[in-house]
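# Observations on the model geometry
Each chain, written out:
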Amino acid sequence: MGVLLCSLVVLALVCQSHRSDSSLHRFKRYQEGPQSGPSDCTRGIQPPVVMANSHNFSLDVRMPGVSPTASDSYLCVAVPVPTSRDAYIVDFVPHASMDTAHHMLLYGCRTPVSTTGYWDCGSAQGTCEDDGAIMYAWARNAPPTKLPRDVGFKVGGKSKITYFVLQIHYGDISGFRDHHKDCSGLTLRMTSKPQPFIAGMYLMMSVDTIIPPGSRVTNADIACEYESYPMYPFAFRTHTHSLGQVVSGYRIRDGKWTLIGRQSPQLPQAFYAATQGVDVRYGDTIAARCVFTGEGRTSKTYIGGTSNDEMCNFYIMYYMDSKHADPFMDCMQDGSKELFRHIPSEANVPIPVSPDNMMTMMHSGHHATGHQDDRTLLEPKRAEEEMLDQGYHLEEVMDWPENPLQLGQVSGLALDSDNNLVIFQRGDHQWGVNSFDNQARYQQRSLGPIQQSTILVIDPVKGNVLKASGRNIFYLPHGITTDAHNNYWVTDVALHQVFKVGNNKPLVVLGEAFEPGSDKEHFCKPTDVAVDTMTGNVYISDGYCNARVLKFSPEGKYLSHWGAGSSDRRRRLPFRIPHSLAFLPDRRELCVADRENGRIQCFVAESGEFVKEIKKEEFGEEVFAIAYTPAHGGLIYAVNGESPYGRSAPLSGFVINYSSKEILDTYSPDSQEFKMPHDIVVNKDGAVFVGDAASDTVIKFTSEKAEHRSVKKGGIEVQEIEETETFVQTNLKPVHAVSFHMAVASQQKPPEVPTQEHHHAPESPPPPKSQQQQTHEEDKQKVKTVAKQSARGVSPAVITTLLLIPVVVVISIGLFIRWRKSRMYGDGCDVKLEPNSAGGILGKLRGKAAGSLNLGNFFATHKGYSRQGFDRLSTEGSDQEKDDEDATDSENEEYSAPPPPVPSSTS
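Residues numbered from 1 in each chain as written. Predicted model: local features only at pLDDT ≥ 70, side-chain atom pairs only at ≥ 80, totals over all residues. Heavy atoms only, no water.

With that out of the way, let us pick up the overall build of the protein chain. When helices and strands are counted, the protein chain shows 11 helices and 46 strands. Counting across all 907 residues of the protein chain, residues that qualify as buried make up 50%. Carbon and sulfur atoms make up 52% of the accessible area of the protein chain, which amounts to about 43000 Å² in all. (Helix = DSSP H or I, 4+ residues; strand = E, 2+ residues; numbered from the N terminus. Buried < 20%, exposed > 50% of the residue type's maximum accessible area, 1.4 Å probe, protein only. Areas by Shrake-Rupley, 256 points an atom, 1.4 Å probe, with all protein chains shown as cover.)

As a working rule, side chains carrying opposite charge can pair if their charged atoms are close by. Under the defined criterion, the tally for this structure stands at 18 salt bridges. Of the charged contacts in the structure, one is a salt bridge between D279 and R281, with a shortest N-O distance of 2.5 Å. We classify D279 as buried; its relative accessible area is 8%. Two residues, E596 and R595, come together in a salt bridge whose shortest N-O distance is 2.8 Å. (Salt bridge = Lys/Arg side-chain N within 4 Å of Asp/Glu carboxyl O.)

Once that is clear, we can look at the confidence of the model for the protein chain. Detail in the predicted coordinates should be disregarded across regions flagged by low pLDDT. Looking at the protein chain, pLDDT values average 76 and 68% of them are 70 or higher. Below a pLDDT of 50 lies the segment residues 8–22, which in the model reaches two contacts outside its immediate sequence neighbourhood of four places, other chains included. Confidence over residues 31–39 falls short of pLDDT 50; this stretch has 10 contacts with residues more than four positions distant or in other chains. (pLDDT = per-residue confidence, 0-100. Contact = heavy atoms within 4.5 Å.)

The next point concerns the side chain of K500. One can find K500 in strand β30 (residues 497–502). One buried charged side chain, K500, makes no salt bridge at all; its nearest oppositely charged neighbour is D483, positioned 4.3 Å away. The contact partners of K500, leaving out residues within four places of it in the chain, are D483, N487, Y488, W489, K505, P506, L507, V508 and P554. (Lys, Arg positive; Asp, Glu negative; His and termini not counted.)

This next bit is on the sheet that holds strand β24 (residues 410–415). Taken in spatial order, the four strands of this open sheet run β24-β25-β26-β27, and their pairing is antiparallel. Of all strands in the sheet, those bounded by a partner on one side alone are β24 and β27 (465–469). Pairwise comparison of adjacent strand axes, ignoring direction, gives a mean angle of 20 degrees for this sheet. Direction of pairing for strand β26 (residues 455–458) relative to β27: antiparallel, over a ladder of four bridges. The residue bridging I458 from the neighbouring strand is V465, located in β27. (Pairing = 2+ DSSP bridges. Axes fitted to C-alpha atoms, helices over the stretch in contact; angles between N-to-C directions.)

So, about the state of the cysteines. Using the criterion set out here, one finds six disulfides in the structure. Here C109 connects covalently by a disulfide to C128, the sulfurs 2.4 Å from one another. On the sign convention where negative is left-handed, the bridge of C109 and C128, at about -75 degrees about the S-S bond, is left-handed. In this pair, C109 sits in strand β5 (residues 103–109) while C128 sits in the loop between β6 (118–120) and β7 (133–139), placing the two residues 19 residues apart along the sequence. Looking at C128, the relative accessible area reads 13%, which means it is buried. In this model C591 forms its disulfide with C602; the gap between the sulfur atoms is 2.1 Å. Judged by the sign of its S-S torsion, about 100 degrees, the bond between C591 and C602 is right-handed. (Disulfide = S-S within 2.5 Å.)

So, on to the pairing of strand β38 (residues 599–604). Among the six residues in β38, five count as buried, and that is most of the element. Bridging between strand β37 (residues 589–594) and β38 involves six bridges; their strand directions are antiparallel. Residue pairing across strands places D594 opposite R599, the latter belonging to β38. With antiparallel pairing between neighbouring strands as the criterion, β37 and β38 make up a hairpin whose turn holds four residues, including G598 at a positive phi of roughly 60 degrees. With four bridges joining them, β38 and strand β39 (residues 610–614) adopt antiparallel strand pairing. Each bridged residue has a counterpart across the sheet, and for Q601 the counterpart in β39 is E613.

So, about the nonpolar core. Taken as a class, soluble globular proteins show a tendency for nonpolar side chains to be buried jointly. Membership of the largest hydrophobic core comes to 90 residues, with the highest contact counts inside it found for I89, V155, F164, L188, M190, Y202 and M231. Once residues within four sequence positions are removed from consideration, I89 is found in contact with M135, L147, V151, G152, F153, V155, F164, L188, R189 and M190. Counting 20 residues, the second-largest nonpolar core is a separate cluster that includes F424, V457, A494 and F499. (Core = buried A, V, L, I, M, F, W, Y, C linked by side-chain atoms within 4.5 Å.)

Let us now look at the packing of aromatic side chains. Counted by the stated rule, this structure contains 31 aromatic pairs. Centroid distance F575 to F603: 6.1 Å. Interplanar angle 70 degrees. Geometry classified as edge-to-face. Here F603 lies in strand β38 and F575 lies in the loop between β35 (558–562) and β36 (578–584), a separation of 28 residues in the sequence. Of the two residues, F575 and F603, neither departs from the other in class, the shared state being buried. Chaining the aromatic ring pairs together yields one cluster made of W431, F436, Y442, Y475, F514 and Y544. Sitting over the ring of F514, R445 keeps its end group 4.1 Å from the ring centre. Its end group placed over the ring of F436, K525 keeps NZ or CZ at 4.0 Å from the ring centre. (Phe/Tyr/Trp six-rings, centres within 6.5 Å; stacked < 30°, edge-to-face > 60°. Lys NZ or Arg CZ within 6 Å of the ring centre and 35° of its normal.)

A cis amide bond, omega -5 degrees, links W400 with the succeeding residue P401. Looking at the secondary structure, you find P401 in the loop between β23 (393–396) and β24. In the segment running from D542 into G543, the intervening peptide bond is cis, with an omega of -5 degrees. In this structure, G543 sits in the loop between β33 (538–542) and β34 (548–552). Even without a glycine there, the phi angle at D72 is positive, about 60 degrees. One non-glycine residue, N486, adopts positive backbone phi at about 65 degrees. For N486, the position within the fold is in the loop between β28 (477–482) and β29 (488–492).

In this section: the environment of Y558. Here Y558 shows up in strand β35. For Y558 and K520, which are 38 residues apart along the polypeptide, the C-alpha to C-alpha distance reads 6.9 Å. Other than its neighbours up to four places away in sequence, Y558 contacts K520, L550, K551 and F552. At a separation of 2.7 Å, a polar atom in the side chain of Y558 contacts the side chain of H561. (Polar contact = N/O pair within 3.5 Å; in protein donor to acceptor, adjacent residues only side chain to side chain.)

Mapped onto the fold, A494 is located in the loop between β29 and β30. With relative accessibility at 0%, the residue A494 sits in the buried group. For the pair A494 and Q444, spaced 50 residues apart in sequence, the C-alpha to C-alpha distance is 8.8 Å.

Turning to the sheet that holds strand β31 (residues 505–510), a few remarks are in order. In space, the four strands of this open sheet follow the order β28-β29-β30-β31, with antiparallel pairing throughout. The two strands at the open ends of the sheet, each matched to only one other strand, are β28 and β31. For this sheet the average axis-to-axis angle between neighbouring strands, irrespective of direction, equals 25 degrees.

A large share of strand β25 (residues 421–425) lies buried, amounting to five of its five residues. Two strands pair when backbone bridges link them, and β24 and β25 are joined in this way by five bridges, in the antiparallel orientation. When the bridges of β25 are listed, G412 appears paired with F424. Linking two consecutive strands that pair antiparallel, namely β24 and β25, is a turn of five residues; a positive phi of about 70 degrees is found at N419 within it. In this sheet, β26 lies alongside β25 in antiparallel orientation, the contact comprising four bridges.

This is the structure:
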């Protein structure tokens, strides 16, 4: 037995070695390739690859001891990605000094110009045979660049990047007169954990700017229309040579200029945090301006690769959703004079750099991080956070439907391809205590099938019935969904069957009528159906008797089944009524509402592999139904139910961030209480519908801003809120919210202009604002008008009187207490009052209102805040569920950008 076990281990190691042979051979060939002779700089450098743990590792990309012989030399070296699987760069650590290197660039490509030793890449050879993607840039002693959590540059695996090419521009080589060797380069900290957001670089570069000699101001303007999927800038970097005064980048949308970043290129050319919350979408324009001075020059200065030339580069480090990620984009078009007439005036104001800052930078080397301040660096906003930040909350639509719907027990809800609501209801049949015997056999067959229409297609806006079908087919309807052809897939718990219904007749029937069972041909009270929108495969939750999910082909052929997953390595808790299903098309997952366990479990749809579990105290012991939308980064909508064991939580609806599992919103109707919220759907407009089986109703919810809610519940509260906001804005200094990433240096090129990848246009541009959004804005203005009219209708004298009454009462109480103390202790005793008030109690009140509350101290003492920034959000992305003790990413945990240095002088 021992011999057999050892043989299996050896065989596994051989297979593993063979599988990774290609990448390991490539990396070994790099290690054994021609290198420069021994030199001091090569001693003491760590091995090229260092493993931190099973997921995290670092790779050194360095020059192999070079000694440039001419100024403005461009030298390159290629290093293979040390894995054939997907990997992600999450941290760049430079090892260089501006005394030696003018700048460094890191390219990613599939085919470098050379794979042996280093080469002169300032000539026609260049860096990569294919289109290289710039991934990192460094200059002027910039500090390390750390990406935010859940964001990484994807390399290896299915990416186009199998090699890194390090390019270093050696400007002034007077320091190499002693022929010493240089080993400048980078350490790349990497992880094999999939990152839900992929980082990329957008380079804006002027190619034909001419700076006249002696000119006081010369502008280089760049602008391009953005034609790809949404990107989210989190860091920016500016780069010029010695004549650059300030570089600014903007997003232009609907004529409005929004700053992405602005900085002096004479400061360390790091990636500084971009303006928080700025996204760039199809149809926006991205614009940048470099301001130069030609003073001190006696001839024209051109864009070029030498130290005497100039450059105008604005780098944007961004993240995109992993499905649409584009690792590199560029813009090299001159901006029109008409467009740049509207650029904010700040873009024309140079940022002064004090001599102290310059001296610190010159002598600090790549460790220069001393220009820090207490500016808070925030993670970039996810779309679901923006929804909450804008005050959105789901509330019942009180006048929906316009005319009452005649419904029985509402068991299922779905949407068709036209965004119409589909209701599955039981008509005059009800599920009661006498409906089934102990063997789960239906006891009311004599009633016959439901004679009313059980499937109703409803206009989601007005609630009118558009179509009705499903007579004389079903006994006790339960779950419903639609496929790509608008066929209905439904379950009937009395029949123990699943149907595909089209043109008011069954097209596919699964299971045997009225015969419960647990094999491949039978079900026992099946509850719900979900359809894979890509393959057409069908998933069935089965159900009240069986604890499983079954997978069938679109034609009804059995494929597989599985039970519950386990989020606890010590035990596995089976399903207790898998009651509702939601297919996640963007993630290729299937989520299950495991009703009696009060949890949501998600699986890889293709294989049934367990991914994650969401279980919250707010659910209580029951989760009845779930729905999903890819909007805002992925949201799960759920409703809970009453527990028969007496441990119920309030009946509510929940909006849950799929990645972080955080509850973003809870909601319930105002016109009635939830009794048995049985199913839920969310349509393309964000409207949520909940079917209640106990009250025979469907309730519609939509999201509205917080101030709308205040108006509904308080009449005049909108005006009060606006006044409060105005007061805060007037009395508090504005805080510049900074985005989360900090990247790195400038893109300096050889004399040739780099070849860049083409932009990828989306399949279709994002739709314009919906009429519903426009109506929201109109309603908002109406509400404000009504509020102001209401406020004007109240007599000022009445308001003044009401406000003065408590003040008079407080003063009277204070005077009375003082009089009593004087009588008690005698006239010779002093009574000490608060120093800044006319009376003790009044003084205390005045102190609290006027200045005792220090907002800085308040935030600094609360969870989630530090002077370095708020705690990052916990997101999982595509990672499978981990135990809490395994959730830390070791050295890849905290990534943030350094704030811009604060100049010691002002303009």
